[in-house]
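Here is how the chains run, residue by residue.
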Amino acid sequence: MAAVREYAVIDPVTGKLDRRIFSDQAVYDDELERIFGRAWLMIGHESLVPAADDFFHTYMGEDPVILTRDGAGRLHALLNMCRHRGNRVCRADDGNAKRFMCSYHGWTYRNDGALDHVPGESEAYYGALDKSALGLVEARVETYAGIVFATWDRNAPDLDAYLGDARWYLDTVFNRRDCGMQALGPMKWLEPVNWKTLVDNCSDNYHVPTSHLSSALVQMRWLGRPRLSHEDQFASPHRHAFVNGHSLTFRDADDGMPRYVHGISKETARLFEEYHRATLPEVERRLGALRARRIQLANHSIFPNGILGLRLALPRGPRKTEFWHFVLVERDMPEELQRAIRIGSQANNGAAGMFEQDDVDNWRQVTEASVSRRARRLPQDLSMGLGHAGPHPDYPGLVSERYISENNQRLFYQRWEEFMNAPDWARIPLAPMTARFDGTATMRG
Amino acid sequence: MNGVAPSRRISAVSPPAAGAQGEDGPLALTAQQALWLELNQFYIREAWLLDERKLKQWLDLFTDDVLYFMPRRKNVPRRELHRELTPLGDLAILEEDKRYLEMRVARLETGMAWAEDPPSRTRHLIGNLEARRLEDGEVEARTAFLVYRSHLETDHQLLSGCREDRLRKVDGAWKVRRRMIVLDANVLLDKNLSVFL
Ligand code: FES
Ligand SMILES: [Fe+2]
């Protein structure tokens, strides 16, 4: 076996990033092993498989996986690969099935993965086949507030430790209500970009006034959307924090305003504010006063490929990424608000989204610049805000002084190096959990 | 220029009297045929407006209460085909009203809608028209389309699908008041969907 290659791609002193990590096949292959092969990966949501025997087809990296709920209500993440020759045993996007029959020779698996039936078990195999060793390969599954994560690595830490203090921020969106959230989607499309460009972008608020000004301007006029300019951003009370590879931007302002989401317009603003006020006591009980009243998670990514909530950047080769867009709504939220969020989300963040469509060519050209001979030798410059981040008395994680900073990007690529260089999970550092999780909300919701 | 120019001898506007089919000779059109010609012309004109980027005029082809809807299309077993298209109320690709369509068009005019600046080169081919007059005076029309998009240097995509429209006459002109666009795709193979269908 070749020695583990040392990846040193980001210079933490200068912020220069080796851009070949966006295009090289060998790097990509290592990523699938060392990152997607062992990290906790977001794969879906419990609400996509609400009933016994429901299933939802998803991916862990490039590996097709069936997320099932068995007859006893337990979740399983099963590699969609028949143990005979390797055909897929499920071709539907979702549904309800107690069993999955392989369409090649008919081996049939239960939805907990066990191999149940083999045609000719006694006649053709002379009873010598050890069915118990030939179930569908199962990943470890854990959930956070209904979001389902899975990992192939038995030695991975618990999801709780993996998310660590990032949950302190994530709770302010995903863990607010007793009723939990409902996932809708996904909308899927293939982008000619490296998967990391999407993740990197989650903390890149710097691009927003340039990349998305056309959408912001028309929505300001038609919908009463807030103004968007560099000046507003530089004066913004938003900040960045970074924990264990997870990039978080958040707002700290005690002004009684609901978190801004696509879908808030001059018509719906009052309803969103009323909902915010009406649910505040419950949120305060669940998250404590500080997080309920002041902290609002904004753009964020969950390492490695969860972006802006339950949305996935699925690697499909060094220069291809399948983007899965879901939207999450609180189950008890009034119908009208759910509708506003759904429409705002798809109109802005889907394949045809007004915001999203303007991102792709940028990411694509960043990816392509890592291919052509002269360009690929020139590093990316991620020097913004160097030396202006550190621990903060009020906020967990490594916190940048300003909203507009490349601190999270630098740390993301350092986390990437930690995964790429570590021989096993024991060598991947985890930040100790120091945040105070006031309130009753837990990992389970 | 008209896409379809009916010959002067054909009475394309006045429907023949009931039971008159065939009696006026081979050139008489049934009401159904006249409707078909009229709508065919409508769709051809719409295609030219889109391909010639006359999007403000294109917007005029829709009523103010239009629903412009593109559901997702799932892989489901044949016996569960009723689940193939996501219903209204689920996450869609598009579920827009006139205001959103106007915003999309206005966006392009800012000069900073990067997905379409420089703009795509498109060709909308619309065919397989079937139309049916409904009792309330509206018309149900469905068409198939192939839309080719070329963007920047070598990016290109072929979008295939169908439209199911409800049209209504407003001041003597047909307008779409509901359009459902069904793409023949599960995972869209395209970097984004920035052209109108
Ligand atoms: S490959 Fe599945 S039964 Fe043979
Ligand atoms: Fe963006």
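Quick caveat, the model's predicted, so the values are computed rather than measured.

Engineer: Help me out: how do you make sense of the overall build of chain B in this one?
Structural biologist: Looking only at helices and strands, chain B features three helices and six strands. Along chain B, helices and strands appear, N-terminal first, in the series α-α-β-β-α-β-β-β-β. A total of 197 residues make up chain B; the buried ones form 46% of that total. A separation of at least 24 residues holds for 57% of the contacts in chain B among residues at least 6 apart in sequence.

Engineer: Explain the overall build of chain A here, please?
Structural biologist: Scanning chain A from N- to C-terminus turns up eleven helices and 21 strands. For chain A, whose C-alpha radius of gyration is 22 Å, the value lies close to the compact-globule estimate of 22 Å for 445 residues. When its C-alpha atoms are laid out on the principal axes, chain A stretches across 75 × 55 × 40 Å. When burial is assessed residue by residue, chain A has 61% of its 445 residues classed as buried. Long-range contacts, defined here as pairs at least 24 residues apart, represent 69% of the contacts in chain A between residues at least 6 apart. Here chain A has roughly 17,500 Å² of accessible surface; of this, 51% comes from carbon and sulfur atoms. Of the charged side chains in chain A, 55 are positive and 60 negative, and the gap between their average positions amounts to 2 Å.

Engineer: Explanation requested: the confidence of the model for chain A in the structure shown.
Structural biologist: Detailed conclusions should not be drawn from predicted coordinates in areas where pLDDT is low. This prediction gives chain A a mean pLDDT of 96; 99% of its residues lie at or above 70. When pLDDT is averaged over each element of chain A, strand 5 (residues 75-79) of chain A comes out on top at 99 and helix 7 (residues 230-234) of chain A at the bottom at 90.

Engineer: What exactly am I supposed to notice about the environment of A:A431 here?
Structural biologist: Residue and element names in this part refer to chain A. On the secondary structure map, A431 appears in the segment after helix 11 (407-421). Its relative accessible area of 35% is what places A431 among the partly exposed residues. Sequence-wise, A431 and G245 are 186 residues apart; in three dimensions their C-alpha atoms are separated by 9.9 Å.

Engineer: Looking at this structure, how should I read the packing of helix 6 (residues 213-223) of chain A against helix 3 (residues 98-108) of chain B?
Structural biologist: Two numbers describe a pair of packed helices, the interaxial angle and the distance between the axes. Where helix 6 of chain A contacts helix 3 of chain B, the axes come no closer than 9 Å and their chain directions differ by 140 degrees. Considered as vectors, helix 6 of chain A and helix 3 of chain B are oriented oblique to each other. In this structure, helix 6 of chain A meets helix 3 of chain B at a crossing whose hand is right-handed. Here A:S214, A:S215, A:V218, A:Q219, A:W222 and A:L223 of helix 6 of chain A lie close against helix 3 of chain B, whose contacting residues are B:R99, B:Y100, B:E102, B:M103, B:A106 and B:R107. For the contact of helix 6 of chain A with helix 3 of chain B, the residue count by class is six nonpolar, three polar and three charged.

Engineer: I'm lost on the side chain of A:D54 in this one. Help?
Structural biologist: Residue and element names in this part refer to chain A. Tracing the backbone shows D54 in strand 3 (residues 54-60). Comment: no salt bridge for buried D54; closest opposite-charge side chain is R69, at 6.1 Å. Ignoring any residue separated from it by four or fewer positions in sequence, one finds D54 in contact with V49, L67, T68, R69, G95 and N96.

Engineer: What am I meant to see in the nonpolar core here?
Structural biologist: Across soluble globular proteins, you tend to see nonpolar side chains buried next to one another. Core analysis: the biggest nonpolar cluster contains 134 residues, and A:Y144, A:Y169, A:F174, B:L39 and B:W58 have the highest contact counts within it. The greatest single-element share of this core, amounting to seven residues, is contributed by helix 1 (residues 31-51) of chain B. In terms of domain composition, this core takes at least three residues from each of domain 1 (41-142) and domain 2 (165-427) of chain A. Beyond its immediate stretch of four places on either side in the chain, A:F174 contacts A:Y144, A:A145, A:I147, A:M181, A:L297, A:H300, A:G309 and A:L328. A:A92, A:A97, A:F100 and A:V118 belong to the second-largest nonpolar core, a separate cluster that totals 17 residues.

Engineer: Is there a simple way to explain the sheet that holds strand 8 (residues 108-110) of chain A in this structure?
Structural biologist: Residues and elements named next belong to chain A. The antiparallel open sheet is built from three strands, whose spatial order is 7-8-9. Bordering the open sheet on either side are strand 7 (99-101) and strand 9 (115-117), each of which pairs with just one other strand. On average, adjacent strands in this sheet sit at an angle of 35 degrees to one another, irrespective of strand direction. One ladder, built from three bridges, connects strand 7 with strand 8; its direction is antiparallel. Opposite F100, over in strand 8, you have Y109 as the bridge partner.

Engineer: Can you walk me through the pairing of strand 1 (residues 62-70) of chain B in this structure?
Structural biologist: Moving residue by residue along a regular strand, the side chains alternate between the two faces of the sheet. Residue and element names in this part refer to chain B. With seven of nine residues buried, strand 1 is to be regarded as a mostly interior element. Bridging between strand 1 and strand 6 (residues 173-183) involves four bridges; their strand directions are parallel. Within the sheet, the bridge partner assigned to Y68 lies in strand 6 and is R179. As judged from the three bridges shared by strand 1 and strand 2 (residues 94-96), these two strands associate in the antiparallel manner. Bridged to M70 within strand 2 is L94.

Engineer: I tried to follow the coordination of the iron ion (ligand 2) on my own but got confused; where do I start?
Structural biologist: By definition of the ideal shapes, four donors in a tetrahedron about a metal sit 109.5 degrees apart, and six donors in an octahedron sit 90 or 180 degrees apart. Residue and element names in this part refer to chain A. At 2.1 to 2.4 Å from the iron ion (ligand 2) lie its protein donor atoms, namely H207 (NE2), H212 (NE2), D359 (OD) and D359 (OD). Taken together, the four donor atoms coordinating the iron ion (ligand 2) and their angles of 56 to 149 degrees define a geometry best described as irregular. Expressed as a motif, the donor residue spacing for the iron ion (ligand 2) is H-x4-H-x146-D. One end of the pair, H207, is in the loop between helix 4 (195-201) and helix 5 (208-211); the other, D359, is in helix 10 (residues 357-368), and 152 residues separate them in sequence. For the pair shown, H207 and D359 are each scored as buried.

Engineer: What should I look at first to understand a nonpolar patch on the surface in this one?
Structural biologist: A contiguous nonpolar surface patch, about 400 Å² in accessible area, is contributed by B:L125, B:L146, B:Y148 and B:L158. Its location among the elements puts B:L125 in strand 3 (residues 121-133).

Engineer: Any chance you could explain the pairing of strand 6 of chain B here in plain terms?
Structural biologist: Residue and element names in this part refer to chain B. In terms of burial, strand 6 is a largely internal element, eight of the eleven residues being buried. Direction of pairing for strand 5 (residues 155-170) relative to strand 6: antiparallel, over a ladder of ten bridges. From the neighbouring strand, K169 faces strand 6, where its bridge partner is W174. Where strand 5 folds back on strand 6, the antiparallel hairpin that results is connected by two residues, among which D171 adopts a positive phi of roughly 50 degrees.

Engineer: Sorry, what's going on with the packing of helix 1 (residues 25-34) of chain A against helix 11 of chain A here?
Structural biologist: Residues and elements named next belong to chain A. Running from N to C, helix 1 and helix 11 point in directions that differ by 80 degrees, and their axes come no closer than 9 Å. Compared by their axis directions, helix 1 and helix 11 come out roughly perpendicular. Where helix 1 abuts helix 11, its residues V27, D30, E31 and R34 lie against W416, F419 and M420. Residue composition of the contact of helix 1 with helix 11, by class: four nonpolar, no polar and three charged.

Engineer: Is there a simple way to explain a negative patch on the surface in this structure?
Structural biologist: On the surface, A:D29, A:E33, A:E62 and A:D63 cluster together to form a negatively charged patch. The exposure class assigned to A:E62 is partly exposed, which follows from its relative accessible area of 37%.

Engineer: Honestly, empty space enclosed by the protein in this entry has me stumped. Any pointers?
Structural biologist: Unoccupied space between atoms shows up once a probe the size of one water molecule is rolled over them. Applying the stated criterion across every chain yields a total of four cavities of 30 Å³ or more. The computed volume of the largest cavity comes to approximately 130 Å³. As for the largest cavity, its lining consists of 14 residues, and the residues nearest its centre are A:Q357, B:R104, B:L193, B:S194 and B:F196. Those elements that place two or more of their residues in the lining of the largest cavity are strand 1 and helix 3 of chain B. Among the elements that line the lining of the largest cavity, the one with the most residues is helix 3 of chain B, at three residues. Broken down by class, the residue content of the lining of the largest cavity amounts to nine nonpolar, two polar and three charged.

Rules used in this analysis
Residues numbered from 1 in each chain as written. Chains lettered and ligands numbered in written order. Predicted model: local features only at pLDDT ≥ 70, side-chain atom pairs only at ≥ 80, totals over all residues. Heavy atoms only, no water. Helix = DSSP H or I, 4+ residues; strand = E, 2+ residues; numbered from the N terminus. Buried < 20%, exposed > 50% of the residue type's maximum accessible area, 1.4 Å probe, protein only. Contact = heavy atoms within 4.5 Å. Rg over C-alpha atoms; globule rule 2.2 N^0.38 Å. Areas by Shrake-Rupley, 256 points an atom, 1.4 Å probe, with all protein chains shown as cover. Lys, Arg positive; Asp, Glu negative; His and termini not counted. Charge placed at Lys NZ, Arg CZ, Asp CG, Glu CD. pLDDT = per-residue confidence, 0-100. Axes fitted to C-alpha atoms, helices over the stretch in contact; angles between N-to-C directions. Parallel < 35°, antiparallel > 145°, perpendicular 65-115°, else oblique. Left-handed = near helix turned anticlockwise from the far one by under 90°. Nonpolar A, V, L, I, M, F, W, Y, C, P; charged D, E, K, R; others polar. Salt bridge = Lys/Arg side-chain N within 4 Å of Asp/Glu carboxyl O. Core = buried A, V, L, I, M, F, W, Y, C linked by side-chain atoms within 4.5 Å. Domains from an automatic or database assignment. Pairing = 2+ DSSP bridges. Donors = N, O, S within 2.8 Å, 3.2 Å for Na, K, Ca; no water. Tetrahedral: all angles 85-135°; square planar, octahedral: opposite > 155°, others 65-115°. Patch = residues over 30% accessible without salt bridge, like charges linked within 9 Å, V, L, I, M, F, W, Y side chains within 5 Å. 1 Å grid on protein atoms, 1.4 Å probe; cavity = no way out; pocket = protein on both sides within 12 Å on 5 of 7 lines; lining within 4 Å. Points joined across faces, edges and corners; volume = space filled by probe spheres on them.

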